[in-house]
Structures are given as C-alpha cells and as structure tokens.
Amino acid sequence: MSTHKDLEAVKSGGGEVAEIEATGDVNLIADGEDVVLVPTPTSDPRVSCFGLTVVSGAGSIVSFFYEDYVEDGYDLAAIVRLITIPTLSMGLGNLIFMPIALAIGRRPVYIFSCALLFIGCIIAGQNTDYKYHMGIRVVIGFAAGQSEALVPLMLKEAFFLHERGKILAFQSSFQATIACVLSIFTSNMAAAYNLYAGMSGFVLIASFFLVPETKFDRPLESYNGLTATTSSGAGNVTPDEKDQDSAHRFENATVQYTLKTRPPVDAGPSWSWKATFNPLPTQRSNWPEAWALLKHMGVMILFPNVLLIVLMNSWFLGVNIGVGTSYATLLNGPVYHWATKWSGVAQTGQIVISFIVFPTLGTLSDRFVKYMAKRRGGVHHAEVRLVPLILPIIVGTFSSVLFGYTYENPTKVHWFSVVFTYCGIYYAFVAASVCGITYLLDAYPTRSGSVLTLICAIRGIISFGINYSLDPTYAKLGYLGAYGMYAGVMGFLGIGAISMFWTGASIRARTQKYIVDDSDGKPRYG
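Only a predicted model underlies this, so the values are computations on that prediction, with no experimental measurement involved.

Cut-offs applied
Residues numbered from 1 in each chain as written. Predicted model: local features only at pLDDT ≥ 70, side-chain atom pairs only at ≥ 80, totals over all residues. Heavy atoms only, no water. Helix = DSSP H or I, 4+ residues; strand = E, 2+ residues; numbered from the N terminus. Expected span 1.5 Å × (residues − 1). Bend = angle between axes of the 7 residues up to and from the residue. Salt bridge = Lys/Arg side-chain N within 4 Å of Asp/Glu carboxyl O. Buried < 20%, exposed > 50% of the residue type's maximum accessible area, 1.4 Å probe, protein only. Axes fitted to C-alpha atoms, helices over the stretch in contact; angles between N-to-C directions. Parallel < 35°, antiparallel > 145°, perpendicular 65-115°, else oblique. Left-handed = near helix turned anticlockwise from the far one by under 90°. Contact = heavy atoms within 4.5 Å. Phe/Tyr/Trp six-rings, centres within 6.5 Å; stacked < 30°, edge-to-face > 60°.

Visitor: Describe in detail helix α14 (residues 349-375), supporting the description with residues and values.
Guide: With 27 residues, α14 extends 37 Å from end C-alpha to end C-alpha; this agrees with the ideal 39 Å at 1.5 Å per step. The principal kink in α14, of about 40 degrees, is found at serine 365. Once α14 ends, the next one or two residues include glycine 377, with phi positive near 70 degrees.

What follows is the structure, given as structure tokens:
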C-alpha cells in the first residue's frame, strides 16, 4: 500500500491526488459517480476479472453423531473431538500452506489442497476405527483450511475492491448451501464421505481447468486508486526507458482506470494458457515472501483493530461449533424425539441464512461502500465494511442466550427455537468472517496474506480451546449460564468492532508506519 511518502512523491511531480489520510483510504469514486478500479487493472489475465469462479466446498465437512462409535464405548466427548480437533488442524494448516502459496503461487497450493481433500474423503469413507478416522480427519482439516484463507486471498486478487464484499459473501453462502444440501442426503457416515468425495473430486477437476494463477506483482500506487496528471494530460515524470519495471510501475501509478474507461485487459498480449493454468509453479519462487508473512503476522496481531477482528472471529466460530455439537442431542432427546438421521435437516435453515448473507453482506455492502465514498469526496474508508455487522451481532447474541435457555427448558420451548438459534449464531459468525475479512483486506491490502492467516489460524486455535472446555463449562455454569456468558463476550466484541467505524481511521494512521514496504516500490503481500 502506498504510504504518505508515496503520495508526496506523486504530488511533488505536479499531479493532483485526492487526500488519503491512512492506509485503507482509497480513491474509489471519480467525477462524482464513476467507480475507480482498485487495484489498477493490467494486461496480465491472472489479475483481471474475466469470470473467475472459485468453487470451494472444502469447509463444508459437517458433524455427525456416529452411532457406531457410541456402540464401541466412546462417549459424546470423544465424538465431539472428531469435530473440534480437525478445526484446530484447519487453523494450523493455514500457517503451513499460506507461506508456501505466497512463495510459489496460489494455484499449485490450491490444486494440491483439493487433491488432498479428495483423497482424504475417500479414505475416511472406508474407515472402521475411531483413531484411524481421527487421523484422516486431521489431514482433511489441513486441506479444508485453504477454503478459509487461500481462497479469499485469490478472490481478493482477482476482483476489484468494489466487488469484494459480494464475492466473499457469495463464497460463504455457496459453501454453506452445498454443505447443508449434502447433509440432508446422507443417512450415515460412509454415505456422507462418499458424497463429499464426489463433490471434492468435482471441485478438483473444475479447479484444474477454471481456476487461474492470481499471483501478480503490482506497484504500490495501484492500491490507492491514485491518479497523477498535468494540465496537458501527459505524465508528470518520464521513467528511464531502460528500466522496464520502473516504466510499468509509472504507468500504473499515473493512469486511473474506472468502469467507464476500463481497458480490454483480457485481450492483452501477455495472455498464456501455460502461465495461467499450469498446475505447477510458473514464476520464480520467492521464499523471503513466505518468511515475511510470519514476521508480519507477529507485528500485525499487536494492532488493536486486527486483534479485535481476530478475537471476534475466533469467539463467534467457537460458539457456532459449540452449538453445532450440542443441538442434535437436544433434538434427538426425549422431548423433541427427532430421529438421528434427520438431525441434519436442522441445517436447512442455514440455506435461508445464505440467501440473507449474499445480499446484505455482499451486494448491499458493496453498494453502501460506493454510496459512502461518494459522500466523502470519492474516498473509501475501510471501516465502512463493518456497518453491516450490526444486525448479525444482535441476532447472534440473542440466539446464544435463547439456545442456553432452550437446552435447559426444552419442555417450555418449541423445537423451532433450536433451529432458529443454531442458524442465528451461524449468521453472526458468517457476518463476522465476511465483514472482518473485507475490512482488513481493505485496510491493509499489502498485508493480505498476514491478515487472512491470522484470522483463520488463530480462530481455529481459540475455537478449539473454547470447545475443548465445553463440558467443564456446562458443568459449572449450566447451559444457560454458559451461553449467556458466550453471548456477553459476543456482544462486547461486536460493539468494539462497530465502534471502529469512528475510531478505526486513527488506529490505521498510528499503525501505518509499521507496514511500510521496502524502498523498491514493490508491495509485500504477506
């Protein structure tokens, strides 16, 4: 991302540029209504929006209560670990695969994770032993984690800023819908894994032919939507003709493309099937970028806004998994008498949530971003992405309390309360994920890998800790007390996130000096 130093360099050359106060403030609207394309498009097809569709079903492994293991003497806590431990491996997997993706390219790592998921599902469907099954699910968790961090990174690199909310919301909605549909059509563990193997196999084949490499080095200036022109319309600096890289950066820094002036990027001469769809790395490896990601993570977790978003995602995921491991025992119990095979039907409510998430957190969010940018002289502030959190936080906090009450008083509440609260908490988690990720991607675009890895790795670790302590928490506080406490923390973190609408810009201004890139003008994506 360009710093104040970059902006002053442009201004000193006689150009005009809107005032950008901190990282995350972007020129998004030109001439009062035209949308600026951020990042600036190039003739390289790897970064253009030519209809890239990433089908990610890797995160849709759902929970089942395995009657076979109960018959073998395993208690409910052991069965729950089949869900919580793979969640931990999903988080840890991001710490391994994301640095590699930054070093060698996104596509090879993505294809490998799809293949690993496909093989894992096939093997898991053939298992008969609990420990064997646990080991396979850990491997599946490592593969599935790429749907959390790597896929959003690829989408961020392939779509413009004003489309970011819509595409990330679509990913979450589509993923949840597929997971729910598959769960409805499964009646036992083997059938579930066979369906997941079929779906992951389809994703693997489709990805091989449809998902391109999205790694591409851009000039820092392209992330601010900057334009630098003189009265004659010519560039204000003449780059050294011998330095083609400098010329390329100059061109992107001094030309501002909008929806109306967008160039035919997909018809550029650099288009190549081999470079775009080769499953092997097609660029020179950059291992320092991988190490830089780990270093930047250690710095950025100390930023108050980043820490708050990470904690909010972690807590909301932990509560969501906690409800997911508890609701079926309530529905199958002596009050509601649901058959075990129909427990997954309760997840159909998440399909409804998906149809709410896409317009409210996606399409309307992007429109709101453009509306607010117009009101602010064409400048987009990253904190606008957090406004759609208000309703999901209210719904999620209320649902957490209601779930605890329902679990302790099932005779006083209809079974629909279980379905509603399960879906309400899921709605809050998806909102925290989509809004939190889009906010941090907008705020720190040259630290995309770091913020995504932080969110996905730490939330996997913290949510594992929350769910590992479920039984003692229930024993000490009861379900109402436990979920009341969870709701209190959800509300506190949610209010903190929404308050950043007013305080976030000053936080970004204070933290900006810690993300200044090297003087070579190339951003560090980790």
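Visitor: An account of the pattern of salt bridges is requested, with residue identities and associated values reported.
Guide: Oppositely charged side chains can pair when the atoms bearing their charge come close. Going through the model one piece at a time under the given rule, you end up with four salt bridges. Of the charged contacts, one joins aspartate 366 and arginine 385 as a salt bridge, the two residues approaching to 2.8 Å between their closest N and O atoms. Taken together, the positions of aspartate 366 in helix α14 and arginine 385 in the loop between β4 (379-381) and α15 (390-408) put the pair 19 residues apart, joining distant regions of the chain. For the pair formed by aspartate 366 and arginine 385, the shared burial category is buried. Residue glutamate 383 pairs with arginine 508 through a salt bridge whose shortest N-O separation is 2.7 Å. Of this pair, glutamate 383 sits in the loop between β4 and α15 while arginine 508 sits in helix α18 (residues 470-511), placing them 125 residues apart in sequence. Across the pair, exposure class does not vary: glutamate 383 and arginine 508 are buried alike.

Visitor: Explain the packing of helix α6 (residues 150-158) against helix α17 (residues 448-468) to me, and be specific about the residues and the numbers.
Guide: The geometry of α6 relative to α17 is characterised by a closest axis approach of 9 Å and an angle of 150 degrees between their N-to-C directions. By the angle between their axes, α6 is roughly antiparallel relative to α17. Regarding α6 and α17, the two cross each other, and that crossing is right-handed. On the side of α6, the interface is formed by Pro152, Leu153 and Lys156, while α17 contributes Ser448, Gly449 and Leu452.

Visitor: Explain the packing of aromatic side chains to me, using residue names and the numbers behind them.
Guide: The full count for this structure, using the stated rule, is 22 aromatic pairs. Considering the side-chain rings of tyrosine 193 and tyrosine 196, the 6.5 Å spacing of their centres and the 80 degrees angle between planes classify their relative orientation as edge-to-face. A residue pair is termed a helical-turn pair when its members lie 3 or 4 positions apart in one helix, as tyrosine 193 and tyrosine 196 do in helix α8 (residues 189-210) at three residues. With relative accessibility at 2%, the residue tyrosine 193 sits in the buried group.

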